[in-house]
Amino acid sequence: MTHHRYERHSMARTGWLRAAVLGANDGIVSTASLVIGVAAAGATHDAIMVAGVAGLVAGAMSMAAGEYVSVSSQSDAEHADLAIERRELATDAEAEHRELAAIYVGRGLDRGLADEVATQLMAHDALGAHARDELGIHELQRARPVQAALASAAAFAVGAALPLASAGIAPDRAVISVVALLSLLFLATLGGLAARAGGASLLRGAWRVTFWGALAMALTAAVGSLFGVMT
Ligand SMILES: [Zn+2]
C-alpha cells in the first residue's frame, strides 16, 4: 500500500468535527423541542424566548460538565498508565526493551531490526516510545478536559442559537412552524455535512438526524399542547 504525502485520510479531520456536529445537533434538537413545547402550551413570545435562553445555558453547561468529567477520567487513566510505565522503565528497562521490540516484531519487523529500533527509540525518548507504541497514547490525542468541555459547550450553544433566533424572528402565531421547519433544515444540513466529512452518504446522514429531530419536536409539541389545554 503506497502513501502519498498529499493523501488526506478522513480520520484525521473527523474526530473534532464529529464532536462539534453532535454537540450542535444536541443544541438544535433540545432547544427547538423546548421552544416548540412551550409555544404549544400557549406561552407568550417573551416566555418562549426566556425558556429558550434558559435551555441554551442549561444545555451548554450540562454538556461542558459531562464532557469535563468524562475526559478528566480518561486523563486520569492516562496519567496512571504513564506513572506505571515510568516506574517499570526505571526498575526494569531490559524487560521494557524486550516488550517494545516484541511489539515491532508483531508489526512485521524482523527481530534484529526490531531490537535496533527499540534501542534507538528508547535512547531518544523511552517513555514517549512506550506511551505511543505500547499504550496507544499519542501526544496529539492526549485528553484535554477543559478544551473538550469548552468545545462541547460552544458547539451546543451555536446549535441552540439557531432555533432560538428562528423563534425570535417568527411572528407570534407562527413560532411553532417557523422553528420546526428551520430547525429541521439546520439538522439536515449538519447531518449531511458530518456524513460527507466522514466519507458516508450525505442523504442518509441528513435523513437520520432529521427523523429523530422531527420526532422530538412532535413529542414536545404534543406535551405542550396537552398542558395548554389543561391550564
Ligand atoms: Zn512498557
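Up top is the structure these notes are about.
In this text the structure is predicted, and so the values were computed from the model without any measurement.

About the criteria used
- Residues numbered from 1 in each chain as written.
- Predicted model: local features only at pLDDT ≥ 70, side-chain atom pairs only at ≥ 80, totals over all residues.
- Heavy atoms only, no water.
- Helix = DSSP H or I, 4+ residues; strand = E, 2+ residues; numbered from the N terminus.
- Rg over C-alpha atoms; globule rule 2.2 N^0.38 Å.
- Buried < 20%, exposed > 50% of the residue type's maximum accessible area, 1.4 Å probe, protein only.
- Contact = heavy atoms within 4.5 Å.
- Areas by Shrake-Rupley, 256 points an atom, 1.4 Å probe, with all protein chains shown as cover.
- Lys, Arg positive; Asp, Glu negative; His and termini not counted.
- Charge placed at Lys NZ, Arg CZ, Asp CG, Glu CD.
- Donors = N, O, S within 2.8 Å, 3.2 Å for Na, K, Ca; no water.
- Expected span 1.5 Å × (residues − 1).
- Salt bridge = Lys/Arg side-chain N within 4 Å of Asp/Glu carboxyl O.
- Phe/Tyr/Trp six-rings, centres within 6.5 Å; stacked < 30°, edge-to-face > 60°.

> What is the right way to read the overall build of the protein from this model?
A count of helices and strands for the protein gives 7 helices and 0 strands. Going residue by residue from the N terminus, the α and β elements of the protein occur as α-α-α-α-α-α-α. Taking 231 residues into account, the globule formula puts the C-alpha radius of gyration at 17 Å, and the protein, at 25 Å, lies well above it. Buried residues in the protein amount to 34% of all 231 residues. Across the protein, contacts joining residues at least 24 apart in sequence account for 71% of those joining residues at least 6 apart. In the structure as shown, the protein presents an accessible area of about 13,700 Å², 66% of it carried by carbon and sulfur atoms. Across the protein, 16 positive and 21 negative side-chain charges occur, with their mean positions spaced 11 Å apart.

> Can you help me understand the coordination of the zinc ion in this one?
Tetrahedral coordination by four donors sets the ideal angle at the metal to 109.5 degrees; octahedral coordination by six donors sets it to 90 or 180 degrees. Each protein donor to the zinc ion is listed here as Glu85 (OE), Glu96 (OE), Glu99 (OE), His130 (ND1) and Glu134 (OE); together their distances run 1.8 to 2.8 Å. All donors to the zinc ion come from one chain, and their sequence spacing reads E-x10-E-x2-E-x30-H-x3-E. With Glu96 in helix H3 (residues 93-106) and His130 in helix H4 (residues 111-133), this residue pair connects regions lying 34 residues apart in the sequence. For the residue pair Glu96 and His130, the accessibility class agrees, reading buried in each case.

> In this structure, what is going on with helix H6 (residues 175-197)? I would like to understand it.
Turn by turn, an α-helix covers 3.6 residues, leaving residues three or four places apart pointing in a common direction. Taking 1.5 Å per residue, 23 residues should reach 33 Å; H6 reaches 32 Å between its end C-alpha atoms and fits that length. Among the residues of H6, those classed as buried are Val175, Val179, Ala180, Ser183, Leu187, Leu190, Gly191, Gly192, Ala195 and Ala197. Backbone geometry just after H6 places Gly199 at a positive phi near 80 degrees.

> How do you make sense of the pattern of salt bridges when you look at a structure like this?
Opposite charge on two side chains permits them to pair, given that their charged atoms come into close proximity. Throughout the structure, instances matching the rule amount to 4 salt bridges. With a shortest N-O distance of 3.2 Å, Arg107 and Asp133 are connected by a salt bridge. Here Asp133 lies in helix H4 and Arg107 lies in the loop between H3 and H4, a separation of 26 residues in the sequence. Residues Arg132 and Asp133 are paired through a salt bridge, measuring 3.3 Å at the closest nitrogen-oxygen approach. Sharing partners across several salt bridges, the network here consists of Arg107, Arg132 and Asp133.

> Help me out: how do you make sense of the environment of Ala118 in this one?
In this fold, Ala118 is placed in helix H4. With relative accessibility at 0%, the residue Ala118 sits in the buried group. In this structure, the C-alpha to C-alpha distance between Ala118 and Glu99, residues 19 residues apart in sequence, is 9.1 Å. Aside from chain neighbours lying at most four places away, what touches Ala118 is His97, Leu100, Ala101 and Tyr104.

> Help me understand the packing of aromatic side chains in this model?
Aromatic ring pairs are described here by two measures, namely the spacing of the ring centres and the angle between the planes. One pass over the structure, following the stated rule, counts 2 aromatic pairs. With centroids separated by 5.8 Å and ring planes inclined at 45 degrees, the aromatic side chains of Trp207 and Phe211 adopt a geometry described as tilted. Of the two residues, Trp207 and Phe211 are both situated in helix H7 (residues 202-230); the distance of 4 residues between them amounts to about one turn of the helix. Overall, Trp207 belongs to the exposed group, its relative accessible area being 57%. Looking at Phe211, the relative accessible area reads 37%, which means it is partly exposed. Note on Phe211 and Trp212: the rings are 5.1 Å apart at their centroids and 80 degrees apart in plane angle, and the pair reads as edge-to-face. A connected cluster of aromatic rings, assembled from ring pairs, spans Trp207, Phe211 and Trp212.

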